[in-house]
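Structure assessment
Each chain is listed here by its residues.
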Amino acid sequence: MQIAIDVGYSHTKAVSLDCRAVTPSIIAPFRELPLADLSRNGTGHIVAVRRVNGATTRHFIGELALREGQGATFTLDREKYLHPNHDLLVLTVARLLGAAPGATLVVGLPVAYYRAQKDAVRRHLEALHADVSVDGLPFGRVSFGKVVVYPQGAGALLTVSNLPESGLVCLVDVGHKTTDYVTVDIKGSRGTPVSSLCGSVEFGVHRVLEAVAAEFEARTGAPLDMSVAATLAAVSKTTFRGRELDLTETVAAARKDTARAIADRVLGALGPKGDFVAKFYLAGGGVLALPELKEMFPAVEVLPDPQLANAEGFLKLISGIEKT
Ligand SMILES: Nc1ncnc2c1ncn2[C@@H]1O[C@H](COP(=O)(O)OP(=O)(O)OP(=O)(O)O)[C@@H](O)[C@H]1O
Ligand SMILES: [Mg+2]
């Protein structure tokens, strides 16, 4: 069995040939919930993980963790795979996909960390195994026989079916914390990555939430949790201590500024060679959060299902490799 997992700073995306799973990358410690709470908690997961030594831990994952507030964590560390949440997310989504023990797994890494971290990530995931139960279902063993690590963004490019026959194309994967860009030179039906035109900029949708949180704090004197900022950025209005708070203008300006900054950084990094890119493909959930980006790149196409494009591409890659 083959599965592909894209552990993002905001969402973990996973696909197999016949299944897909997306969950916010947020985890909170488990606590017993009153029955009334449970019936309202239709989304998110309760996960139990039993390690080889028999120790079992329980967690709220995704929307359920978000609602729990305090314990929820966004992980913004650079070495994401060393954070305990990373393994819990991988184990959870692998179990949600029904991955058989010893499955082949493909994961992504930001282009900027690819060279330095890929072997460590592969070894780490090949050593990972545990019995996992999601939402009270029976425990099942999750382990990976073979792990392939692939640069983020390059995965998404593999889902494009109508690539030009020749010339440079650039895939821009706009994420929560990082935006990756991968440029490929196409000749005949083969594409070769141009390493001087591939990289990551540490800029993503997170900046919009920071601007919203800063404005909220300026107006109310109270700090704003990032998970609440995400909700506020989506709806723009809320009531705080009985007062209506309208952040419509702040959200609109932050979105425009963030989109502009992402486009400027990517186009700036490509330099004069960027003018020779025949087509820009946009992927990542950031394109949905910042539709303004479409206007900021020349000759642009947004991939269908942009948030899942990397994971879908990873799966294509591994089914290609294992067939040959
Ligand atoms: N349908 C949508 N509408 C609006 N915003 C969205 C949508 N889907 C995703 N987003 C937002 O887009 C951002 C990027 O999502 P994505 O899942 O690509 O990020 P990520 O892969 O977790 O981040 P990174 O690549 O930095 O690790 C997130 O802030 C997410 O909340
Ligand atoms: Mg991503």
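Residues numbered from 1 in each chain as written. Chains lettered and ligands numbered in written order. Predicted model: local features only at pLDDT ≥ 70, side-chain atom pairs only at ≥ 80, totals over all residues. Heavy atoms only, no water.

1. A closer look at the pairing of strand 2 (residues 11-15)
Where burial is concerned, most of strand 2 is hidden: 4 out of the 5 residues are buried. Relative to strand 2, strand 1 (residues 2-7) runs antiparallel, the two sharing 4 bridges. Each bridged residue has a counterpart across the sheet, and for Ala4 the counterpart in strand 2 is Val15. Two successive antiparallel strands, strand 1 and strand 2, enclose a turn made up of 3 residues. Two elements, strand 2 and strand 3 (residues 20-24), share 5 bridges in a ladder whose sense is antiparallel. Bridged to Ala14 within strand 3 is Ala21. The hairpin turn running from strand 2 into strand 3, its antiparallel successor, is 4 residues long. (Buried < 20%, exposed > 50% of the residue type's maximum accessible area, 1.4 Å probe, protein only. Helix = DSSP H or I, 4+ residues; strand = E, 2+ residues; numbered from the N terminus. Pairing = 2+ DSSP bridges.)

2. With respect to the sheet that holds strand 5 (residues 45-50)
Read across the sheet, 9 strands follow the order 3-2-1-7-9-8-5-6-4 without closing on themselves; strand pairing throughout is mixed. The two strands at the open ends of the sheet, each matched to only one other strand, are strand 3 and strand 4 (27-29). Taken pair by pair, the neighbouring strands of this sheet meet at an average axis angle of 35°, ignoring direction. This element, helix 3 (residues 84-96), spans strand 1, strand 2, strand 3, strand 4, strand 5, strand 6 (56-61), strand 8 (129-134) and strand 9 (140-151) of the sheet and lies at about 140° to strand 1. (Axes fitted to C-alpha atoms, helices over the stretch in contact; angles between N-to-C directions. Contact = heavy atoms within 4.5 Å.)

3. Let's talk about the nonpolar core
Core analysis: the largest hydrophobic core is formed by 37 residues, its most contacted members being Val172, Val212, Val266, Leu293 and Phe297. Residue assignment for this core shows that the elements contributing at least two residues are strand 10 (167-174), helix 6 (206-220), helix 7 (226-235), helix 8 (248-270) and strand 16 (277-283). Counting residues per element, this core draws most heavily on helix 8, which supplies 8 residues. Those residues within four positions of Val266 in sequence are excluded, and the remaining contacts are Val172, Thr179, Tyr181, Val201 and Phe297. With 32 residues, the next largest nonpolar core counts Ile3, Leu91, Leu97 and Leu105 among its residues. (Core = buried A, V, L, I, M, F, W, Y, C linked by side-chain atoms within 4.5 Å.)

4. Points about the site of ligand 1
Taken together, 19 residues lie around ligand 1, and Ser10, Lys13, His176, Lys177 and Gly285 are the ones closest in. Here an oxygen atom of ligand 1 and a backbone polar atom of Thr178 are 2.9 Å apart. Within the complex, the protein chains bury 78% of what would otherwise be the 640 Å² of accessible surface of ligand 1. Listed by contribution, the elements that provide at least two residues to the shell around ligand 1 are strand 2 and helix 9 (286-289). (Near = heavy atom within 4 Å. Polar contact = N/O pair within 3.5 Å; in protein donor to acceptor, adjacent residues only side chain to side chain. Areas by Shrake-Rupley, 256 points an atom, 1.4 Å probe, with all protein chains shown as cover.)

5. Side note on the domain arrangement of the protein chain
When its domains are assigned, the protein chain resolves into domain 1 (2-153 + 315-323) and domain 2 (162-302). One C-alpha centre belongs to domain 1, the other to domain 2; they are set 25 Å apart. In this complex, domain 1 contributes 13 residues to the contact, which on the side of domain 2 involves 15 residues. Taken together, the links from domain 1 to domain 2 amount to 0 salt bridges. Counting across the interface, domain 1 meets domain 2 through 5 residue pairs in polar contact (both at pLDDT 80 or more). Top contributing element to the side of domain 1 that touches domain 2 by residue count: helix 4 (residues 111-126), with 3 residues. A per-class count over the side of domain 1 that touches domain 2 returns 8 nonpolar, 3 polar and 2 charged. (Domains from an automatic or database assignment. Salt bridge = Lys/Arg side-chain N within 4 Å of Asp/Glu carboxyl O. Nonpolar A, V, L, I, M, F, W, Y, C, P; charged D, E, K, R; others polar.)

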